[in-house]
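A structural walkthrough
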Amino acid sequence: MQDATMLNADDIADFLQENPAFFDNHPEVFAELTVPHPHEGRAISLGERQILTLRERMHAMERKLSSLTHNAKDSQRIMAGIQEWSVSLLGESDAAKLPGHVTSGLARVFDVPYAALRLWGCDQAGHEGADWRQPVSEDIELFAASLTKPYCGTDTGFEAVSWLGVTPASLALVALRTPRGNTMGLLVLASNDGERFAADMGTDFLAHIGALGGAALSRLLPRP
């Protein structure tokens, strides 16, 4: 057997893992062994340390469960809001009012203070002064066409940010396309919360509303 003076912490750990019955055979060692308290400057028994470890793990699981529950409830709320928003789009007989329904409805669904959009190629005479009819640069059209999925992040250097009249902390940019896949506009949702539209967040809901919004707003395009 290796000389005890040559043992190190890894050797002891390996021994205990290879001999799980050690403390059963030597209960007095388990009872008398003390280790540092993880948060206080005192020694505690090995059993008490194990209880603390299990308690910490339990609290971590409770926090994770609470987060999952919160996310599930938030997802349910958003889905219900999207359904209500979709019904309002389907029920609107005046196509020129649809852009307002899209922005105000989504601001409510996603609980954000800022929402704006621009459309191009529309055929709605008499609404040239509306915000959604304001001209956009070729860069905006190319950018919207290049979006394969909604953009989320804190980069406020996009031209679309100027449509809001303020500089938000985070934003989402969603391309609006016809059912045939032709890009016809760009939607921006924004928040004063830098984490609201984080770069690593899921974009399924945003992609969903982009498809629904684009399909509804395609009524504003010239008929073939």
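For every chain, the first residue of the written sequence is number 1, and numbering continues from 1 along that sequence. In keeping with the predicted nature of the model, local features appear solely for residues at pLDDT of at least 70, side-chain atom pairs appear and are counted solely at 80 or more, and the whole-chain, interface and lining totals rest on all residues. Derived side-chain values reflect all non-hydrogen atoms in the structure, with water molecules and hydrogen atoms excluded from consideration.

**Notes on a nonpolar patch on the surface**
- On the surface, a cluster of nonpolar side chains totalling about 310 Å² of accessible area is made up of L7, I12, F15 and L16.
- In this fold, I12 is placed in helix α1 (residues 9-18). Think of a patch as exposed residues, more than 30% relative accessible area, with no salt bridge, where like charges cluster within 9 Å and nonpolar side chains (Val, Leu, Ile, Met, Phe, Trp, Tyr) cluster within 5 Å. Only the protein chains shown count as covering a residue, and every accessible area follows the Shrake-Rupley method with a 1.4 Å probe. Any Lys or Arg side-chain nitrogen found within 4 Å of a carboxyl oxygen on Asp or Glu counts as a salt bridge. What counts as a helix is a DSSP run of H or I of at least four residues, what counts as a strand is a run of E of at least two, and both are numbered from the N terminus.

**Quick look at the environment of W120**
- If you trace the backbone, W120 turns up in the loop between β3 (114-119) and α6 (138-146).
- Here the alpha-carbon distance between W120 and G185, two residues 65 residues apart in the chain, equals 6.0 Å.
- Every residue pair with non-hydrogen atoms within 4.5 Å of one another is taken to be in contact. Ignoring anything within four residues of it in the chain, the contact list for W120 reads V136, I140, E141, A144, T183, M184, G185, L186 and L221.

**Thoughts on the packing of aromatic side chains**
- Pairing of aromatic side chains here covers Phe, Tyr and the six-membered ring of Trp, requires ring centres within 6.5 Å, and sorts the geometry by plane angle: under 30 degrees stacked, over 60 edge-to-face, intermediate tilted. Enumeration according to the criterion identifies 2 aromatic pairs in this entry.
- With a centroid separation of 5.2 Å and an interplanar angle of 40°, the aromatic rings of F143 and F158 are classed as tilted. One end of the pair, F143, is in helix α6; the other, F158, is in the loop between β4 (151-153) and β5 (170-177), with 15 residues separating them in the sequence.
- Classification of F143 as partly exposed rests on a relative accessible area of 23%.
- Chaining the aromatic ring pairs together yields one cluster made of F143, Y151 and F158.
- Think of it as a cone above the ring: NZ of Lys or CZ of Arg counts as a charge over the ring if it is within 6 Å of the ring centre and within 35 degrees of the ring normal. A cation sits over an aromatic face here: R196 above F197, 5.0 Å from the ring centre. Accessible area is worked out with a 1.4 Å probe on protein chains only. A residue is then buried under 20% of its type maximum, exposed over 50%, and partly exposed in between.

**Looking at the environment of T203**
- As for its placement among the helices and strands, T203 is situated in the loop between β6 (183-191) and α7 (204-217).
- Contact partners of T203, with chain neighbours within four places excluded, come to K149, P150 and C152.

**Notes on helix α5 (residues 98-109)**
- A helix's residues, less one, multiplied by 1.5 Å, set its expected span. The terminal C-alpha atoms of α5 lie 16 Å apart, and with 12 residues this matches the ideal 16 Å at 1.5 Å per residue to within 8%.
- Positive phi shows up at D111, right after α5, with a value of about 55°.

**Concerning the nonpolar core**
- By convention a nonpolar core is built from buried Ala, Val, Leu, Ile, Met, Phe, Trp, Tyr and Cys residues, the set being connected through side-chain atoms within 4.5 Å. Within the largest apolar cluster, 30 residues are counted, with the highest numbers of intra-cluster contacts made by F110, L119, L187 and L217.
- At the level of secondary structure, the elements contributing two or more residues to this core comprise α4 (46-91), α5, β3, β5, β6 and α7.
- In terms of residue count, the dominant contributor to this core is α5 (5 residues).
- With residues up to four places along the chain from it excluded, the contact list for L187 reads V102, T103, L106, A116, L117, A172, L173, V174, L176 and I209.
- Counting residues in each nonpolar core, the second largest holds 17 residues, with V161, W163, L164 and V188 among its members.

**Details of the sheet that holds β5**
- Two strands qualify as a pair provided that DSSP identifies no fewer than 2 bridges between them. One open sheet accounts for 4 strands, arranged β3-β6-β5-β4; its pairing is antiparallel. Among the strands making up the open sheet, the edge pair consists of β3 and β4. The average undirected angle you get between the axes of adjacent strands in this sheet is 10°.
- Both β3 and β6 contribute to a ladder of 6 bridges, which runs antiparallel. Bridge assignment links Y114 to a residue of β6, and that residue is A190.
- Each of β3 and β6 touches α5; the most contacted strand, β3, lies at about 155° to it. Convention adopted: a line fitted to C-alpha atoms gives each axis, helices being fitted over their contacting stretch, and angles between N-to-C directions are expressed from 0 to 180 degrees.

**Things to note about the confidence of the model for the protein chain**
- pLDDT is defined as a per-residue confidence score from the predictor, taking values between 0 and 100. Looking at the protein chain as a whole, the pLDDT averages 83, with 87% of positions reaching at least 70.
- Strand β2 (residues 43-45) is the least confidently modelled element of the protein chain, averaging 63 in pLDDT, while β5 averages 96, the highest of any element.

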